[in-house]
Amino acid sequence: MVDLDEEILQAQEKGALTVFVGAGVSCDSPSSLPTVDILAKRIISESGRSGDLSANGPPDRKLGELKRKFKIPVHTLVRDITGNATSQPTDTHRNLLRLFRDPGSVRLVTTNFDRHLTTEARNKWNDRIEIFNAPALPLGSNFRGLVYLHGSVDGDPDRLVVTDEDFGRAYLTEGWATRFLLGLFQNQTVLFIGYRHEDTILDYLARAL
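Residues numbered from 1 in each chain as written. Predicted model: local features only at pLDDT ≥ 70, side-chain atom pairs only at ≥ 80, totals over all residues. Heavy atoms only, no water.

## Quick word on the packing of helix 2 (residues 36–47) against helix 3 (residues 59–70)
So, step 1. Viewed as axis vectors pointing N to C, helix 2 and helix 3 meet at an angle of 25°, and their least axial separation amounts to 9 Å. One way to sum up the angle between helix 2 and helix 3 is to call them roughly parallel. Taken as a pair, helix 2 and helix 3 cross one another with a handedness that is left-handed. Here helix 2 contributes Val36, Asp37, Ala40, Ile43, Ile44 and Ser47 to the contact with helix 3, which in turn contributes Pro59, Lys62, Leu63 and Leu66. (Axes fitted to C-alpha atoms, helices over the stretch in contact; angles between N-to-C directions. Helix = DSSP H or I, 4+ residues; strand = E, 2+ residues; numbered from the N terminus. Parallel < 35°, antiparallel > 145°, perpendicular 65-115°, else oblique. Left-handed = near helix turned anticlockwise from the far one by under 90°. Contact = heavy atoms within 4.5 Å.)

## Side note on the environment of isoleucine 44
So, step 1. Relative to the helices and strands, isoleucine 44 resides in helix 2.
So, step 2. Between the alpha carbons of isoleucine 44 and proline 59 there is a distance of 9.6 Å; along the sequence they are 15 residues apart.

## A few points about the packing of aromatic side chains
So, step 1. By the definition in use, this model includes seven aromatic pairs.
So, step 2. Ring geometry for phenylalanine 20 and phenylalanine 185: centres 6.4 Å apart, planes at 15°, overall stacked. Linking phenylalanine 20 in strand 1 (residues 17–21) with phenylalanine 185 in helix 8 (residues 176–187), this pair joins segments that are 165 residues apart in sequence.
So, step 3. Relative accessible area serves as the criterion here: at 0%, phenylalanine 20 is assigned to the buried category.
So, step 4. With relative accessibility at 29%, the residue phenylalanine 185 sits in the partly exposed group. (Phe/Tyr/Trp six-rings, centres within 6.5 Å; stacked < 30°, edge-to-face > 60°. Buried < 20%, exposed > 50% of the residue type's maximum accessible area, 1.4 Å probe, protein only.)

## So, the confidence of the model for the protein
So, step 1. Looking at the protein, pLDDT values average 89 and 90% of them are 70 or higher.
So, step 2. Mean pLDDT per element in the protein: helix 1 (residues 4–14) is the minimum at 65, and helix 4 (residues 74–82) is the maximum at 97. (pLDDT = per-residue confidence, 0-100.)

## Thoughts on the environment of proline 30
So, step 1. Inspection of the secondary structure puts proline 30 in the loop between strand 1 and helix 2.
So, step 2. Spatially, the C-alpha atoms of proline 30 and threonine 86 are 8.2 Å apart, while their sequence positions differ by 56 residues.
So, step 3. For proline 30, the residues in contact, after removing those within four places along its chain, are Thr86, Ser87, Gln88, Pro89 and Thr90.

Here it is as structure tokens:
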């Protein structure tokens, strides 16, 4: 049986390694961005509608309810919080780029909205790395570059995958996220960094894949 470290190194040598980056990577200073759960709690609290929402449910469902029932612009609020100009890349963002020998070998996928991976990629290789923002995604089976699977602060905030309706479109009815991920997991060794098993993205991945 091949151990994890050896499998990752072999995939890296073959150019078959994709790194999947979650919110945990952007929590430490100087990024200091909230996890999905904390982000949702902050928006709900600041909306003044916390007492009017269903008691139970994951963050995406509560944010969806907040938008549908009370017309709170949750996508814009998410963009403003995660696009905070005082937030800066961490050493982890920089080290993730060091896993790849040149811009043509980069395969990074993130469900984060912040631009820190873009900043570090451009610091390292100028504009020689291709960047994709959902829902305009490449083929998961054969891509190079940086993929913002749920959109980014550099795009239209309404395209961010934030609410339960957004997740439903991305992974079920329109399915563009699922198509990308199917191709990815069938052809690549994928290393997850910055996730918990309880995270919404892993829950949806389990359902979709």
